[in-house]
Structures are given as C-alpha cells and as structure tokens.
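# Observations on the three-dimensional arrangement
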Amino acid sequence: DAKTTQPPSMDCAEGRAANLPCNHSTISGNEYVYWYRQIHSQGPQYIIHGLKNNETNEMASLIITEDRKSSTLILPHATLRDTAVYYCIVYGANSKLTFGKGITLSVRP
Amino acid sequence: NAGVTQTPKFRILKIGQSMTLQCTQDMNHNYMYWYRQDPGMGLKLIYYSVGAGITDKGEVPNGYNVSRSTTEDFPLRLELAAPSQTSVYFCASSFIGRTGGTEAFFGQGTRLTVV
C-alpha cells in the first residue's frame, strides 16, 4: 500500500490560509489522494480528493504536483473550528484504506 | 439515506465476554471497513471487505472476526474480550469501481470498555 508522510503538527492564525503538506512518493497510477479530518473523537470527515488535477470545493483546495508524489491541502480562511487532525491518504481499488498519524492543525485566535 | 449506522454507541464488557458490533450502510457501497482508535492515536484498520462474501485482514486483526453476508451489513465480533480491546471502533463504507469511487463515509463510533 502507498504510504504518506505528514509533519506531526502545525499552526496558523485565524483568517489566514492553512497549507498542509503531504508526501506520497510511492503512489500508484490508479490511486487517488484523499484528505479527511477528525475533530475530537468524531468519525473522520471527508474533505476533498483528486487524481492528478487540482481540485477545489466549498471546504478546501487540493494541489497535486505534476509527478503526483506530493500534495497540499489548502484551507483558504482557517477558523477555530478547523482545529483538528488532518489525514492525507492514498488509495484505490487495489489498496487498503489505512490512516497514518495525520497532522494536528491548531488555529490560534 | 441514513449513511453508516453503528450500534451500540457505548458498551462495557467484562474480560472474557463476547459481543458483536453492528454496522450497516444504505448506500449500496461495495467496500466496508472496521477501525479501532485508541486514545491520542490514529485509526488502525482491523478488517475490510470489498464485497459480500469477501473479507480480508487489516493491520490489527487479532482478537476479532468479521463476516459480510450482505452488501449492507458488516458486523465485527469480539470473542474473548480483553482490556487491550478497550477503544473506539469506527465502521466505514465506500464505493470503488474500475473508473473511480466515492469517499469513505464513517459511522459515529462505538466506545467499548473492557473491565
């Protein structure tokens, strides 16, 4: 299974953009990049996913490098409610949906 | 759609007891997953299923069993509960096809304590 590497933590100021990096150098051609977040002990919440093109939705933007070996999740205007653990995952039809340790984002007032 | 429903939400078991955690989804998803999450840790995959009648081990399968007799249901069985199985358990489902798939949808979790 493809693995991902994320820094353990980061913080940003409320109202500023939060850029969360992820490395996935062993990603396979048919695997997507997914981002989830988990607030407290709730079930993980889907944020966004992509294959090779950049994607944007109402929550975030996903920038995937041309070689697909890394990506960045962008929360354009972070709020205190965005404080959570963010997981970058790669998976597809032939891989298991496994979670790493994620990155803890702390948004400060 | 109810999404992914887990029951019970909370349970206390005595050492050596057995129980089944129920998980059902109404989205006709082919993939289903069981995870456990210990305090302050990430999610660990216990078992998963790519369709009815097919199950496979994840990262931490010891002490658990699963079955997938229907598309909708994916129960997780603990045969001899041990304190090490105290955790929060999450069930999830997704659809994955040859040309793409959906994101995984998670249940609200089952908080299990073994004493």
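Described in the following lines is the structure provided in the data block. (Residues numbered from 1 in each chain as written. Chains lettered and ligands numbered in written order. Predicted model: local features only at pLDDT ≥ 70, side-chain atom pairs only at ≥ 80, totals over all residues. Heavy atoms only, no water.)

### A word on the interface of chain A and chain B
The criterion, for reference: Contact criterion: two residues are considered in contact whenever any of their non-hydrogen atoms come within 4.5 Å of each other. Two parts placed together each lose some accessible area; with a 1.4 Å probe, that loss summed over both constitutes the buried area. Any pair of nitrogen or oxygen atoms within 3.5 Å is treated as a polar contact; in protein, a donor-acceptor pairing is required on top of that, and neighbouring residues in sequence qualify only through side-chain atoms on both sides. Secondary structure elements follow DSSP: runs of H or I of four or more residues count as helices, runs of E of two or more count as strands, with numbering from the N terminus. Charged residues are taken to be Asp, Glu, Lys and Arg, nonpolar residues to be Ala, Val, Leu, Ile, Met, Phe, Trp, Tyr, Cys and Pro, and polar residues to be all remaining types, Gly included.
Listed per partner, the contact involves 19 residues of chain A and 25 residues of chain B. The junction of chain A with chain B conceals about 1,600 Å² of combined surface from both sides, 57% of it contributed by carbon and sulfur atoms. Between the two partners, chain A and chain B, sit 4 residue pairs in polar contact (both at pLDDT 80 or more). Elements supplying a minimum of two residues to the side of chain A that touches chain B: β3 (32–38), β4 (45–50) and β8 (84–91) of chain A. Element by element, the count of residues in the side of chain A that touches chain B is highest for β3(A), at 4 residues. Considering only residue class, the side of chain A that touches chain B consists of 10 nonpolar, 8 polar and 1 charged.

### Section: the pairing of strand β9 (residues 103–108) of chain A
Within a regular beta strand, the side chains point alternately toward one face of the sheet and then the other, so they alternate between its two faces. Residues and elements named next belong to chain A. What counts is decided by this rule: Partly exposed residues are those whose accessible area sits between 20% and 50% of the maximum for their type, while under 20% is buried and over 50% is exposed, using a 1.4 Å probe and protein chains only. Strands pair, by our definition, only if DSSP identifies at least two bridges between them.
Across the two faces of β9 the burial differs, with Ile103, Leu105 and Val107 buried and Thr104, Ser106 and Arg108 not buried at all. Bridge count between strand β1 (residues 9–13) and β9: 5 bridges; the pairing is parallel. Note on β9: the bridge partner recorded for Met10 is Leu105. Direction of pairing for β8 relative to β9: antiparallel, over a ladder of 3 bridges.

### Topic: the state of the cysteines
Residue and element names in this part refer to chain A. Heads up, the rule is: Only a pair of cysteine sulfur atoms within 2.5 Å qualifies as a disulfide here.
Enumeration according to the criterion identifies 2 disulfides over all chains in this entry. A disulfide bridge connects Cys22 with Cys88, and the sulfur atoms are separated by 2.1 Å. Across the S-S bond linking Cys22 and Cys88, the dihedral sits near -80°, which makes this disulfide left-handed. With a gap of 66 residues between them, Cys22 in strand β2 (residues 18–23) and Cys88 in strand β8 connect regions that are remote in the sequence.

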